[in-house]
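In case you want the letters, here they are:
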Amino acid sequence: MDFLDDVVSKAKEAIDIASKKTGDAVAVQKQKFDIAAIESKLAKDFQSLGELYYKKIKSGKETDESAAAIVNAINEKIGKINTLKNEINSIKHKRICPECGAAVDDTSNYCNSCGAKLTYENAENTDE
Ligand SMILES: [Zn+2]
């Protein structure tokens, strides 16, 4: 009986250690998950800060020589995106509403999203 009690208590001890280890692993996993969630939010904060700063530089409220290369790279990419968007819109026979940014039929006189009156002037012919 003594032997059996000893085996049982040893087994119980082993289970306690194992479950403590499992508990630790779960806690660590939770911490890692929390870190990843916070890091993701941090990245968004940095992005917002970057956009805020970019707008300041673009509007001339701020000048920063050290950021000039990045600002140029951003401008270049925005230009490429706009060119591609214009290509898509001309393929789809759509144009962008200047008021709300919705894609509207290039024959519509009013935006079907915000109702703004659309004017067609040759002045804003930027592509080609
Ligand atoms: Zn609109």
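From a predicted model like this one, the values you see are computed outputs, not experimental measurements.

### Description of the overall build of the protein
- If you tally the helices and strands in the protein, you get 2 helices and 2 strands.
- The order of helices and strands in the protein, counted from the N terminus, is α-α-β-β.
- Its C-alpha radius of gyration of 30 Å places the protein more than 25% over the 14 Å reference for a compact globule of 128 residues.
- C-alpha atoms of the protein, sized along the principal axes, occupy 100 × 40 × 25 Å.
- When each of the 128 residues of the protein is scored for burial, the buried share is 2%.

### Some details on helix 1 (residues 2-58)
- An ideal rise of 1.5 Å per residue puts 84 Å on 57 residues; helix 1 measures up with 83 Å between its terminal C-alpha atoms.
- Of all 57 residues that make up helix 1, 0 are buried, and the element is exposed over most of its length.
- Looking one or two places after helix 1, you find Gly 60, whose phi comes out positive at around 85°.

### Looking at the environment of Ala 14
- As for its placement among the helices and strands, Ala 14 is situated in helix 1.
- Note: C-alpha distance between Ala 14 and Asp 105 (91 residues apart in sequence) is 72 Å.

### Section: helix 2 (residues 68-91)
- Here helix 2 contains 24 residues, and its C-alpha end-to-end distance of 35 Å stays within 8% of the 34 Å for a straight helix at 1.5 Å per residue.
- Taken from the residues just after helix 2, His 93 is the one with a positive phi, measuring 55°.

### A closer look at the environment of Gly 23
- In this fold, Gly 23 is placed in helix 1.
- Separated by 11 residues in the primary sequence, Gly 23 and Asp 34 have C-alpha atoms spaced 16 Å apart.

### Some thoughts on unusual backbone geometry
- A positive phi angle, near 55°, is found at His 93, a position not held by glycine.
- Mapped onto the elements of the fold, His 93 is located in the loop between helix 2 and strand 1 (94-96).

Rules of the game
Residues numbered from 1 in each chain as written. Predicted model: local features only at pLDDT ≥ 70, side-chain atom pairs only at ≥ 80, totals over all residues. Helix = DSSP H or I, 4+ residues; strand = E, 2+ residues; numbered from the N terminus. Rg over C-alpha atoms; globule rule 2.2 N^0.38 Å. Buried ≥ 20, exposed ≤ 12 C-beta atoms within 10 Å, placed from the backbone. Expected span 1.5 Å × (residues − 1).

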